[in-house]
There are 2 protein chains.
Amino acid sequence: MAEEKVGPRSRRERPAKAALSRAGIVATAVGLVQAEGLARVTMRRLAQELDTGAASLYVYVRNTDELHAAVLEELLGAVDLSPVTAKGDWRDRLERVLTSYAEVLFAYPGLAQSAMVARPSGEHYLKLIEALLALLDEGDVPKGQAGWGIDILLGFATASAAEHSAPDPRTKKTVAPGEEWAALANVIRNVSAESYPQLAAHGTDLLAGPGKARLAWGFRVLINGVLSTPLPEGEAK
Amino acid sequence: MAEEKVGPRSRRERPAKAALSRAGIVATAVGLVQAEGLARVTMRRLAQELDTGAASLYVYVRNTDELHAAVLEELLGAVDLSPVTAKGDWRDRLERVLTSYAEVLFAYPGLAQSAMVARPSGEHYLKLIEALLALLDEGDVPKGQAGWGIDILLGFATASAAEHSAPDPRTKKTVAPGEEWAALANVIRNVSAESYPQLAAHGTDLLAGPGKARLAWGFRVLINGVLSTPLPEGEAK
DNA sequence: ACCTGAACACCGTTCAAGT
DNA sequence: ACCTGAACACCGTTCAAGT
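Predicted model only: the values in this text are computed from it and were never measured.

A few words now on the packing of aromatic side chains. As enumerated under the stated definition, the model contains four aromatic pairs over all chains in all. With a centroid separation of 5.7 Å and 75 degrees between ring planes, the pair formed by A:Trp217 and B:Trp148 is classed as edge-to-face. Placement of A:Trp217 in helix H11 (residues 211-228) and of B:Trp148 in helix H8 (residues 143-164) is noted, with the two residues assigned to different chains. For the pair A:Trp217 and B:Trp148, one class covers both residues: buried.

As a further point, take the side chain of A:Gln198. Its location among the elements puts A:Gln198 in helix H10 (residues 197-202). Taking the relative accessible area as the measure of exposure, A:Gln198 reaches 12% and is therefore buried. The residues touching A:Gln198, leaving out its near neighbours within four places in the chain, are B:Glu130, B:Leu133, B:Ala134 and B:Asp137.

Attention now moves to the confidence of the model for chain A. All names here are of chain A. Residues at a pLDDT of 70 or more form 86% of chain A, whose mean pLDDT is 86. Note on residues 1-15: pLDDT under 50 across the span, and three contacts to partners over four residues away in sequence or across chains. Of the regions scoring below 50 in pLDDT, residues 171-176 engages in four contacts with residues more than four places distant in sequence or in other chains.

Looking now at unusual backbone geometry. Residues and elements named next belong to chain B. Positive phi is not limited to glycine here, since aspartate 51 has a value of about 65 degrees. Along the chain, aspartate 51 turns up in the loop between helix H2 (43-49) and helix H3 (54-57). On the accessibility criterion, aspartate 51 (39% relative accessible area) is partly exposed.

Now for the interface of chain B and chain A. With 69 residues of chain B at the interface, the matching set in chain A holds 69 residues. When chain B packs against chain A, close to 5900 Å² is buried across both sides, 63% of that on carbon and sulfur atoms. The interface formed by chain B and chain A holds four salt bridges in total. Linking B:Glu163 and A:Arg119 is a salt bridge whose minimum nitrogen-to-oxygen distance equals 3.5 Å. There are 13 residue pairs in polar contact (both at pLDDT 80 or more) connecting chain B and chain A. Here the side of chain B that touches chain A takes twelve residues from H8(B), the largest share from any one element. Each residue belonging to the side of chain B that touches chain A can be placed in one class, and the counts come to 35 nonpolar, 15 polar and 19 charged.

Okay, the environment of B:Arg220 next. Looking at the element boundaries, B:Arg220 is found in helix H11 (residues 211-228). Owing to a relative accessible area of 28%, B:Arg220 belongs among the partly exposed residues under this scheme. Through-space distance from the C-alpha of B:Arg220 to that of B:Ala39 is 32 Å; in sequence the pair is 181 residues apart. If we ignore the near neighbours within four places in the chain, the residues touching B:Arg220 are A:Thr229, A:Pro230 and B:Glu95.

This brings us to the relation of the copies chain B and chain A. When chain B is fitted to chain A, the residual RMSD is 0.0 Å, and the transformation amounts to a turn of 180 degrees plus an axial shift of 0.0 Å. Given the turn and translation reported, the copies of this chain are related as if by a two-fold rotation axis. No C-alpha of chain B lies nearer the rotation axis than that of B:Gly225, which sits 2.1 Å from it. By residue overlap, the copies meet face to face through one surface: 100% of the interface positions of chain B are interface positions in chain A.

Criteria and cut-off values
Residues numbered from 1 in each chain as written. Chains lettered and ligands numbered in written order. Predicted model: local features only at pLDDT ≥ 70, side-chain atom pairs only at ≥ 80, totals over all residues. Heavy atoms only, no water. Phe/Tyr/Trp six-rings, centres within 6.5 Å; stacked < 30°, edge-to-face > 60°. Helix = DSSP H or I, 4+ residues; strand = E, 2+ residues; numbered from the N terminus. Buried < 20%, exposed > 50% of the residue type's maximum accessible area, 1.4 Å probe, protein only. Contact = heavy atoms within 4.5 Å. pLDDT = per-residue confidence, 0-100. Buried area = accessible area lost by both parts, 1.4 Å probe. Salt bridge = Lys/Arg side-chain N within 4 Å of Asp/Glu carboxyl O. Polar contact = N/O pair within 3.5 Å; in protein donor to acceptor, adjacent residues only side chain to side chain. Nonpolar A, V, L, I, M, F, W, Y, C, P; charged D, E, K, R; others polar. Least-squares fit on C-alpha atoms with pLDDT ≥ 70 in both.

Encoded structure:
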């Protein structure tokens, strides 16, 4: 009797090992960041998910940074740009787009931290910039100020998300999420009013958490500032 | 002839393996970040520098993050706080302190990136916050706005440094420093004016580098914004 | 108490060899 | 052209064992 052939179809645990492709790799990476956070999106872990070896991925992806940038660009598709064409005060609508951007970053552990560094250049990112510029233009913010302001607006949104989103569990962290925060709060509470009069007067209000209110206030600060601060001589356009 | 004894003093390559201490560990780490960048300040590399095993460091330092925070706190001692008591417009002096802070972060590869995440609570950090608060107070910025504003000011300075400082050469990078930037610039240059009218109009001015001018403008934007944007109802103090 | 070697469980990236 | 296993050069952290 001939042995039963053990063909490729006999193992059905995963969906029949599709051929590799950049799109498939990025899609799997996106699934992985949702399930385990960006820190787990490593070449080796991702290859394992794709039932191959890490080396195989280098045909489609230059390196880990590029992979992370691709994941970010993909997830940026979830930013709500509808306020651009909605009606109402341009400031409010600008705030809404920025808030949506921050929320997307906030939703995936480690994503905001990586957005601090990555500079995507995909369609979703371009559309986001285009949307912000359109709203600033609607508000008659001078072009030069708008252009320079984009960086500040996005940077603040990114940094806020990075600061308050789940820490990238790069390895199982020993330190509880808010331990550093607690340490600082404790120091401020017990600070000497003589050496640090300002700190003592403010107390832990200084660290009064993230909160929607604080993020929204930040956006307003930036919008007001960008609107009212002319570019230095010679740079104005 | 008796062989020459090879005692501990016969090897003078390093200064006679001092006893470990937290201060010594941090000092060595600071030296390492100066020489090789923060990415090289790993438990193993640092232990090697101290002529011991990585495990030994855990007596004095909780983990790698805490080590990096200690290095940051140490280097923050170089921030120039003298403008606080200098004379002149408070805005200019505030700008000078923030610029000095950004320059310190800028000077060490990887430091700014880590400052994005770390929350130090040492003396140098406290003095920096105290200085910023004192200057805002001098400018009669309402207390609540000043407190919330600190975060934005420091965050912007940190993010600017992170964005434009040497990339943390975590491992020998294959990607040239400005490669992602170049990719984005290229995309913007060739963007369709129909789909992206704003982007096409601005062109690569959007990415017009870091430059002192841009950082200074950013500080002015934030100061103006913080000064002129009241806290939301119920939060004002 | 402090220090250590060894172990465990990971990394990114390259390269020669196969199909 | 694409894919692979194996190798190289690293990581952080824990733990039992020593002093």
